[in-house]
Amino acid sequence: MLQIKSRFGLFAEDGFIHFYDETVNQKNEVSDMTIGEKLKALRLSLGLNKKEFAHGIINSSYLASIEKGGSEIRAIDLIEILQQHNLSVLSFLVDFGNVKSNLAVYEHEADNAFFAQDTQRLIQIGNLCPNTLIKEVIQLMVAKLDGNLADFPKDIQTKIKKIFWKIEKWDINSLWILSNVMEIYSFDDLEGLVHSVFHNLVYFSDYEDETIKLLATITYNYLRICLTQVRVNEQEVKKASLYLSKIPSIPAVAYEKMKGDYILALHYSYYTTAEEIDKVLKKVREDGSRPGFFIGFKLKKA
């Protein structure tokens, strides 16, 4: 139960936010609230009832239990509630002392900063992240935004590559890492990794939305890389486009699916379709957030 006060640290396990006993002395005083209490205070400050505050994420009765300390909240649900109200996850958690191994928080925040092309925010998240590997992946994301990927340290690239040499099972963390480091691989090596994903992760109905979103991101990135090769491997393009088409058309993957449709339309000279999709993508980029809906496009030549 989330009744332990915030002089304790936090970590994520099995998708839930938990506390752990911080044995070292805290130099700074922190709030004496639980996560549930802080969520309630935040909700009231926004003038929202429980249903409005957690709309589309968790039901109001479960939120009431969280606020009273009777239930735990999943990390992804906490992140989505805060993001729904344009609130920083890291700012919310800073009152709870040291955040230990809560990788989902940093990964989601890094994704948002990368999408917004906010280099300074990405650097800040990397500096705060306690996990060395995730910190280095975020540094690589910064290098991509700055156009300095070619100068990114080779020793760190090698270190990142090694984690996939003996991978036996894909999980959400390894998928997140792959989705952000694909550019450092040779095409042949990348082909093997992506084929492993395509072969082993096919039961989409068993996966949560965040996993499906990562699969869509990996597939789009692979498709983009395929189409930028000097000699385009049409067989790989077909494999990637087929896998992307099989990914469920849920709101969480609307942006990635649209980008995939866009580059395929350009590749196959369906310029009218490409123009239609590009208008939607530009609107999404202007809004600064991924769409919460799904739009399908029929291929039409100019």
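Residues numbered from 1 in each chain as written. Predicted model: local features only at pLDDT ≥ 70, side-chain atom pairs only at ≥ 80, totals over all residues. Heavy atoms only, no water.

**Quick look at the environment of Glu236**
In plain terms, the rule: Under the scheme used here, helices are H or I runs from DSSP no shorter than 4 residues and strands are E runs no shorter than 2 residues, and both carry numbers assigned from the N terminus. Note on contacts: a residue pair qualifies if any of its non-hydrogen atoms lie within 4.5 Å across the two residues.
Tracing the backbone through its elements, the reader meets Glu236 in helix α13 (residues 234-246). A C-alpha to C-alpha distance of 8.9 Å links Glu236 and Tyr222, two positions 14 residues apart in sequence. Setting aside residues up to four positions removed in sequence, Glu236 forms contacts with Phe187, Glu191, His195, Tyr222 and Cys226.

**Comments concerning the packing of aromatic side chains**
Quick reminder of the rule: Stacked, tilted and edge-to-face pairs are distinguished by plane angle, under 30 degrees for stacked and over 60 for edge-to-face with tilted covering the rest, among Phe, Tyr and Trp rings (Trp via its six-membered ring) whose centres lie within 6.5 Å. Summary of the burial criterion: residues with accessible area below 20% of their type's maximum are buried, those above 50% are exposed, and those between are partly exposed, where the area comes from a 1.4 Å probe applied to protein chains only.
Under the definition given, this model contains eight aromatic pairs. Taking the centre distance of 6.2 Å and the plane angle of 80° together, the rings of Phe198 and Tyr222 count as edge-to-face. A residue pair is termed long-range when its members are at least 10 positions apart, and Phe198 in helix α11 (residues 187-200) and Tyr222 in helix α12 (residues 209-227) qualify at 24 residues. What makes Tyr222 buried here is its relative accessible area of 0%. Relative to Tyr243, the ring of Phe198 has its centre 4.3 Å away and its plane inclined at 20°; by these criteria the two rings are stacked. Here Tyr243 lies in helix α13 and Phe198 lies in helix α11, a separation of 45 residues in the sequence.

**Points about the nonpolar core**
As a reminder of what qualifies: What makes a nonpolar core is a set of buried Ala, Val, Leu, Ile, Met, Phe, Trp, Tyr and Cys residues whose side-chain atoms join them at distances within 4.5 Å.
The biggest cluster of nonpolar side chains holds 74 residues, and the ones touching the most others in it are Trp176, Val181, Val197, Leu215, Tyr222 and Ile247. Looking at this core element by element, the count peaks at 11 residues for α12. In this structure Leu215 touches Leu175, Val197, Leu201, Phe204, Tyr207, Tyr243 and Ile247, once residues within four positions along its chain are discounted. Counting residues in hydrophobic clusters, the runner-up holds seven residues, among them Phe115, Tyr255, Ile277 and Val284.

Nothing here speaks to function; it is all geometry.
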